[in-house]
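Architecture at a glance
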Amino acid sequence: MSEEIKTTQTPEKKKRIFSAIQPSGTITLGNYIGALRNWVKLQDDYECIFAVADLHAITVRQDPKIFKKNILEAYALFLACGIDTSKSMFFIQSHVHTHAELAWILNCYTQFGELSRMTQFKDKSSKHADNVNAGLFTYPSLMAADILLYQADLVPIGADQKQHLELARNIADRFNGIYGKTFTVPDGYIPKVGARIRSLQDPTKKMSKSDENVNSWVAILDKPETIMKKFKRAVTDSESRVCVGEGKDGINNLIGIMSAVTGKTAESITAEFEGKGYGDFKTAVGEAVVEEVRPIQERFEQYINDKAYLEEQYRKGAEFALNISRRTLDKAMKKIGYLPK
Ligand code: TYM
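The structure displayed is predicted, hence computed values, not measured ones.

Turning to the domain arrangement of the chain, a few remarks are in order. Under the domain assignment, the chain is made up of domain 1 (16-195 + 307-336) and domain 2 (214-303). Between domain 1 and domain 2, the C-alpha centre-to-centre distance is 29 Å. Between domain 1 and domain 2, a total of about 1500 Å² is buried, with carbon and sulfur atoms accounting for 74% of that surface. Applying the counting criterion to the domain 1 and domain 2 interface returns zero salt bridges. Secondary structure elements with two or more residues in the side of domain 1 that touches domain 2: helix 1 (29-42), helix 3 (64-81) and helix 13 (307-336). In terms of residues, the side of domain 1 that touches domain 2 owes the most to one element, helix 3, which gives six residues. Taken together, the residues of the side of domain 1 that touches domain 2 break down into twelve nonpolar, two polar and three charged.

Another aspect to go through is the side chain of Gln-43. Mapped onto the elements of the fold, Gln-43 is located in the loop between helix 1 and strand 2 (47-52). A polar contact is formed between the side chain of Gln-43 and the backbone oxygen of Gly-82, at a distance of 2.8 Å. What Gln-43 contacts, discounting residues up to four positions off in sequence, is Cys-48, Phe-50, Gly-82, Ile-83, Asp-84, Lys-87 and Ser-88.

Counting residues in each nonpolar core, the largest one holds 65 residues, and the members touching the most others are Leu-29, Phe-78, Phe-231, Ile-257 and Phe-281. For this core, the domains that each give at least three residues are domain 1 (16-195 + 307-336) and domain 2 (214-303). The contacts of Phe-78, once residues within four sequence positions are left out, are Ile-21, Ile-27, Leu-36, Trp-39, Ala-51, Val-52, Ile-83 and Phe-90. One finds Met-89, Ala-103, Leu-136 and Ala-321 within the second-largest nonpolar core, a separate group that totals 45 residues.

Near the ligand you find 26 residues, and of these Gln-22, Tyr-139, Asp-146, Asp-160 and Ile-197 are the closest. At 2.6 Å, a side-chain N or O of Asp-146 approaches a nitrogen atom of the ligand. The separation between a nitrogen atom of the ligand and a polar main-chain atom of Ile-197 is 2.8 Å. With the chains in place, 97% of the 700 Å² that the ligand exposes on its own is no longer accessible. Elements with a minimum of two residues in the shell around the ligand: strand 1 (16-21), helix 1 and helix 7 (134-148). Classifying every residue of the shell around the ligand gives 13 nonpolar, nine polar and four charged.

Let's shift gears to the pattern of salt bridges. According to the stated counting rule, one finds 15 salt bridges in the structure shown. Salt-bridge contacts for Asp-84 lead to Lys-87; the nearest nitrogen and oxygen are separated by 3.9 Å. The class for Asp-84 is partly exposed, based on a relative accessible area of 25%. Residue Lys-87 is classed as partly exposed on the basis of its relative accessible area of 43%. With its nearest N and O atoms 2.9 Å apart, the salt bridge here joins Glu-311 to Arg-315. Within this pair, Glu-311 and its partner Arg-315 are both found in helix 13, separated by four residues, close to a single helical turn.

Within this structure, the stated rule accounts for zero disulfides. We note that Cys-81 lacks a disulfide partner, and the nearest cysteine sulfur, in Cys-48, lies 15 Å from it. Exposure remark for Cys-81: the relative accessible area of 7% places this residue in the buried category.

Parameters and conventions
- Residues numbered from 1 in each chain as written.
- Predicted model: local features only at pLDDT ≥ 70, side-chain atom pairs only at ≥ 80, totals over all residues.
- Heavy atoms only, no water.
- Domains from an automatic or database assignment.
- Buried area = accessible area lost by both parts, 1.4 Å probe.
- Salt bridge = Lys/Arg side-chain N within 4 Å of Asp/Glu carboxyl O.
- Helix = DSSP H or I, 4+ residues; strand = E, 2+ residues; numbered from the N terminus.
- Nonpolar A, V, L, I, M, F, W, Y, C, P; charged D, E, K, R; others polar.
- Polar contact = N/O pair within 3.5 Å; in protein donor to acceptor, adjacent residues only side chain to side chain.
- Contact = heavy atoms within 4.5 Å.
- Core = buried A, V, L, I, M, F, W, Y, C linked by side-chain atoms within 4.5 Å.
- Buried < 20%, exposed > 50% of the residue type's maximum accessible area, 1.4 Å probe, protein only.
- Near = heavy atom within 4 Å.
- Areas by Shrake-Rupley, 256 points an atom, 1.4 Å probe, with all protein chains shown as cover.
- Disulfide = S-S within 2.5 Å.

Here you go:
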């Protein structure tokens, strides 16, 4: 699994990238630093295919009106972050029926034991004990279908998705082993900085939108004053030196965030804040994040108010995606022995 994003490659044939994010209503700084921001950087050097993973989102109960709004807002927000539909294919997962179809097929090549080992399933099923549905359990097969349908070489993700990606690789290997080469076995692309942004309230845990404590996460669309307040309340430790160290999870996390948004190294951040307290540092991190998201928020307002443009873009994306993914689905079905349509 590759740990770094390289932005140059040979000109002959661009490698293909696939990635997706769920439209949860709250796209966090973790999603942005761990994934979205890297998608934007990769667009010139790779053939990129991105999706709003709305089929994945119903593994937890959704209110129809809010869900619909969240899907469109996620699409607009990713555009605002810099996804450029003249360079990348960008669509909404539920608009491309091949995803659900290949997911069913891959379910039949995925073992119960493999799915039972997924830590995210264990976490989510304990959080939503009243709704441990089959979709929550088989979710990694749908994610494998998303990736394998496009014969993706690389999948840029945060560290929390590594286990799912490894399962996708195993499923591809297994299928190829039975029927001959059908799917490209994808590699993960996990950034060196920011692969696991942590909760601001409990830095031993990842920053997650499903955390009930709203002060634990920062949303890209949070107001500047809210962002500042959340950073000022961030949990740190009893020392006072701004440096990376053991037992300093809170400060390590803030240094990671600062480093990701400013491009400064941890050493230069430590030098800059020598002799200053945590209060100054937390304010500076908050300000850096506010500056990073300000232009995104402005562009988001423009996109979300132009429904016709959004519709045109996601329709175009779905059409392209269907054309590519249909070929892989047909190939897989033929190998299994299904009659051609
Ligand atoms: P999701 O929607 O939970 O998260 C989207 C992306 O954000 C990354 N991420 C983080 N990175 C760093 N720090 C964090 N605290 C943090 N939280 C989230 C995730 O690693 C992910 O890259 N199943 C996927 C969506 C998906 C997908 C796919 C991804 C569906 N199909 C195919 C890749 C390929 C998910 O729920 O991610």
